[in-house]
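# Geometric and topological summary
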Amino acid sequence: MIIDSLHNATKYYSLHPNFKKAFDYVNQNDLSKLEEGSFEITEGLKIIVIAGEGTTRAESIKGFECHDKNIDIQISIKGPETFAWKPREKCTHPNGDYSDEKDVRFFHDAPDMFFQLEEKQFAILFPEDVHAAMIGEGLLKKIVFKVKI
């Protein structure tokens, strides 16, 4: 997992060819005006814009998840937004089977930690990062890039 601000995004371009494309998209668009929904930017790079009321920690960790085929780049547009996190290697209580169609596996495990993203900060979550998001009060807005591995 990587946590940083958009100001430092160029440091991570070399980690995956689509990271630069994702952050270029951020720099070329007014994030506050993005409409909710999802669409493909280019092959292997999808964006999802989410807006909604923040949830409690207990409610959010019901969706404690990880992915096998994608890396998430989650960027806070309106926050702050709190995340739950635990390394996948320490998760021992799966919540159902892996969904290949949705690329998601859920867990019942308790998080090891919580962290917060302020506006214009991001988290890069790899397949080994089990996470839950949208924890907070009031309206939260974010974008999630799904970067195909």
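Residues numbered from 1 in each chain as written. Predicted model: local features only at pLDDT ≥ 70, side-chain atom pairs only at ≥ 80, totals over all residues. Heavy atoms only, no water.

### Points about helix H1 (residues 17-28)
- Here H1 spans 18 Å end to end across 12 residues, near enough to the 16 Å set by a 1.5 Å rise per residue.
- Turning to H1, its buried residues number three or more, namely Asn18, Phe19, Ala22, Phe23, Tyr25 and Val26. Projected onto a plane normal to the axis of H1, the buried residues spread over an arc of 145° and lie on a single side. Among the exposed residues of H1, those oriented more than 90 degrees off its buried face are Pro17, Asn27 and Gln28.
- Close packing links the buried residues of H1 with strand E2 (37-42), strand E3 (45-53), strand E5 (70-78), strand E9 (121-125) and strand E11 (139-148). (Helix = DSSP H or I, 4+ residues; strand = E, 2+ residues; numbered from the N terminus. Expected span 1.5 Å × (residues − 1). Buried < 20%, exposed > 50% of the residue type's maximum accessible area, 1.4 Å probe, protein only. Arc of directions from axis to C-beta. Contact = heavy atoms within 4.5 Å.)

### Details of the environment of Gly44
- By the element assignment, Gly44 lies in the loop between E2 and E3.
- Apart from the residues lying within four places of it in its own chain, the contact partners of Gly44 are Asn18, Lys146, Val147 and Lys148.

### Things to note about the packing of aromatic side chains
- All chains considered together, the criterion is met by six aromatic pairs.
- Ring centres 6.4 Å apart and planes at 25° place the aromatic pair Tyr13 and Phe23 in the stacked group. Of this pair, Tyr13 sits in the loop between strand E1 (2-5) and H1 while Phe23 sits in helix H1, placing them 10 residues apart in sequence.
- Judged by relative accessible area, which is 2%, Phe23 ranks as buried.
- Taken together, Tyr12, Tyr13, Phe23 and Phe122 form an aromatic cluster joined through their ring pairs.
- Cation over ring: Arg57 sits above Phe114, and NZ or CZ is 3.8 Å from the ring centre. (Phe/Tyr/Trp six-rings, centres within 6.5 Å; stacked < 30°, edge-to-face > 60°. Lys NZ or Arg CZ within 6 Å of the ring centre and 35° of its normal.)

### What to know about a nonpolar patch on the surface
- Side chains of Met1, Ile3 and Met113 sit close together on the surface and give an oily, nonpolar patch of about 220 Å² of accessible area.
- Examined against the element boundaries, Met1 turns out to sit in the segment before E1. (Patch = residues over 30% accessible without salt bridge, like charges linked within 9 Å, V, L, I, M, F, W, Y side chains within 5 Å. Areas by Shrake-Rupley, 256 points an atom, 1.4 Å probe, with all protein chains shown as cover. Salt bridge = Lys/Arg side-chain N within 4 Å of Asp/Glu carboxyl O.)

### Structural notes on the environment of Ser60
- Take Ser60: it is sitting in helix H2 (residues 57-60).
- Residue classification places Ser60 among the buried residues on the basis of a relative accessible area of 9%.
- It is 20 Å that separates the C-alpha atoms of Ser60 and Glu36, two residues lying 24 residues apart in sequence.
- Dropping the residues within four chain positions of it, Ser60 is found in contact with Thr55, Ala132, Ala133 and Ile135.
- Engagement of the side chain of Ser60 in a polar contact is seen with the backbone oxygen of Ala133, the distance being 2.6 Å. (Polar contact = N/O pair within 3.5 Å; in protein donor to acceptor, adjacent residues only side chain to side chain.)

### Looking at unusual backbone geometry
- Geometrically, the link from Gly79 to Pro80 is a cis peptide bond, its omega value of 10° lying close to zero.
- Inspection of the secondary structure puts Pro80 in the loop between E5 and strand E6 (81-87).
- Phi at Lys120 is positive, roughly 70°, even though this residue is not glycine.
- As for its position among the elements, Lys120 is in the loop between strand E8 (113-117) and E9.
- Within the chain, Met134 stands out as a residue other than glycine whose phi angle is a positive 65°.
- Counting through the fold element by element, Met134 comes out in strand E10 (residues 129-135).

Spatial relationships are all this shows, so hold off on functional conclusions.
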